[in-house]
Amino acid sequence: MMAQAQIEKIAEDIRKMRIRGAGRIARAAARALKIAAKTTKARTSAEFLKELEQVSRFLLNTRPTAVSLPNAIRFVTHKAMVSKDLDLETLRKMVISKADEFIKTSLEAVKRIGEIGSRRISDGDVIMTHCNSDCALSVIKTAFKQGKRLEVFVTESRPMRQGLISARELSRAGIPTTLIVDSAVRHFIRDVDKVIVGADSIAANGAVINKIGTSQLALAANEARVLFFVAAESYKFHPGTLVGRLVEIEERPPNEIVNPKRFPGVKIRNPVFDVTPPEYIDLIITERGIIPPSAAYVVLQEQFEWRPGEELV
Ligand code: RUB
């Protein structure tokens, strides 16, 4: 396949959700930028940087909510973008090595989150998870491998039913798994010790944006005094929220829910993420350690070397 076609396929796979989940989306974007750098026909540094910018914009337009996507693009391209005076070959190599670094550290982060998070899981715990998050499953599977006896409830996660992927993966790992519909959450929450979910974005105030239904699950957990954990790599923290930007909630086509033609006159809405306020979150497990949601601001400040009043670059 031609390089351009490969990049377009990655973007299309993200848009159509054949590649999905915030971490996988980020690594796919890094892969696309690496292809662009490896196969560029640019003759000058300026041409190459312009091409990188175009590919970045193209990738950014696929899905709006997971900040791992712009954060990955920034990680891979930023150094080259601010080194305009270097020669083309150096810039190309820079982008390729940054893409490799992102993919490697991202996979390591998921593993590390599993190790760190597993310390908060006890023998005999009943856990509930929503949607399909590699980070959340990494915590559960690592704890199980350590010999802890666990049981997991998995929500179906309508409309795209990513819960089925989680249920299969957990069951294949040998963990007793129960699949339930989303509306059965409150019915079963009293049997649960801990909820673990992933994140698409984490705001400066510690609010977590994740698959639609997460906030309802958090509400039920809060009412039943069940612990609510979020597992997320540090590139899921959203820099824009430092300066008051809101995280865009993606709305997808109604036909993911039902065939609209069969419901003439009925408006069908399909927001696919929601916001869980920090008050409902007990802790966030990152690859750098466990933090309370109130520390999200500090993580962001460190990560983006930002001081109040400054513009974000
Ligand atoms: C997936 C989703 C996941 C997060 C975290 O939504 O909400 O919980 O992306 O996943 P979608 P991970 O299926 O719409 O992409 O921990 O794997 O990054």
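Parameters at a glance
- Residues numbered from 1 in each chain as written.
- Predicted model: local features only at pLDDT ≥ 70, side-chain atom pairs only at ≥ 80, totals over all residues.
- Heavy atoms only, no water.
- Helix = DSSP H or I, 4+ residues; strand = E, 2+ residues; numbered from the N terminus.
- Rg over C-alpha atoms; globule rule 2.2 N^0.38 Å.
- Contact = heavy atoms within 4.5 Å.
- Areas by Shrake-Rupley, 256 points an atom, 1.4 Å probe, with all protein chains shown as cover.
- Domains from an automatic or database assignment.
- Buried area = accessible area lost by both parts, 1.4 Å probe.
- Salt bridge = Lys/Arg side-chain N within 4 Å of Asp/Glu carboxyl O.
- Polar contact = N/O pair within 3.5 Å; in protein donor to acceptor, adjacent residues only side chain to side chain.
- Nonpolar A, V, L, I, M, F, W, Y, C, P; charged D, E, K, R; others polar.
- Buried < 20%, exposed > 50% of the residue type's maximum accessible area, 1.4 Å probe, protein only.
- Arc of directions from axis to C-beta.
- Near = heavy atom within 4 Å.
- Pairing = 2+ DSSP bridges.

### Concerning the overall build of the protein
- What the protein contains, in helices and strands, is 10 helices and 10 strands.
- Relative to its length of 313 residues, the protein is compact, with a C-alpha radius of gyration of 20 Å against a globular reference of 20 Å.
- Seen through its C-alpha atoms, the protein measures out along the principal axes to roughly 65 × 50 × 40 Å.
- Of all intrachain contacts in the protein linking residues separated by at least 6 positions in sequence, the fraction that spans at least 24 positions is 75%.
- Total accessible area on the protein is roughly 15200 Å²; 52% of this is exposed by carbon and sulfur atoms.

### As for the domain arrangement of the protein
- Domain assignment breaks the protein into domain 1 (3-111) and domain 2 (119-304).
- Distance between the C-alpha centres of domain 1 and domain 2: 27 Å.
- Contacts between the two partners involve 22 residues from domain 1, matched on the other side by 28 residues from domain 2.
- Here domain 1 packs against domain 2, burying approximately 1900 Å² in sum over the two surfaces, 55% of which is carbon and sulfur.
- A per-residue breakdown of the area domain 1 buries against domain 2 is headed by Arg20, Thr65 and Val110, which together make up 30% of the total.
- The tally of links from domain 1 across to domain 2 stands at 2 salt bridges.
- The closest approach of N and O atoms between Arg63 and Glu250, which form a salt bridge, is 2.9 Å.
- At the junction of domain 1 with domain 2, the criterion picks out 13 residue pairs in polar contact (both at pLDDT 80 or more).
- Across the side of domain 1 that touches domain 2, the residue classes break down as 9 nonpolar, 5 polar and 8 charged.

### Observations regarding helix α9 (residues 214-223)
- Taken together, the buried positions of α9 are Thr214, Leu217, Ala218, Ala220 and Ala221. Each buried residue of α9 lies within a common arc of 165° when the element is viewed along its axis, so the set occupies one face.
- Of the surrounding elements, those touching the buried residues of α9 are β1 (126-129), α8 (185-188), β4 (194-197), β6 (208-211), β7 (227-231) and β8 (273-276).
- Positioned one or two residues after α9, Arg225 has a phi angle of 55°, which is positive.

### Let's talk about the site of the ligand
- Around the ligand, a shell composed of 18 residues is seen, among which Arg20, Ser133, Asp134, Asn210 and Lys211 lie nearest.
- Within the side chain of Arg20, a nitrogen or oxygen atom sits 2.5 Å from an oxygen atom of the ligand.
- Within the side chain of Gln162, a nitrogen or oxygen atom sits 2.8 Å from an oxygen atom of the ligand.
- Protein contacts shield 99% of the accessible area of the ligand, which totals 460 Å² for the unbound molecule.
- Looking at the shell around the ligand, the elements with two or more residues in it are α2 (22-39), α6 (134-145) and β6.
- Residue classes in the shell around the ligand are distributed as 6 nonpolar, 6 polar and 6 charged.
- Taken together, domain 1 (3-111) and domain 2 (119-304) each give at least three residues to the shell around the ligand, which thus spans both.

### Considerations on the pairing of β4
- Of the two faces of β4, the one lined by Lys194 and Ile196 and the one lined by Val195 and Val197 are each fully buried.
- Both β1 and β4 contribute to a ladder of 2 bridges, which runs parallel. Looking at the pairing, Met128 lines up with Val195 of β4.
- Where β4 and β7 come together, 4 bridges link them in parallel fashion. Residue pairing in the sheet places Val195 in a bridge with Phe228 of β7.

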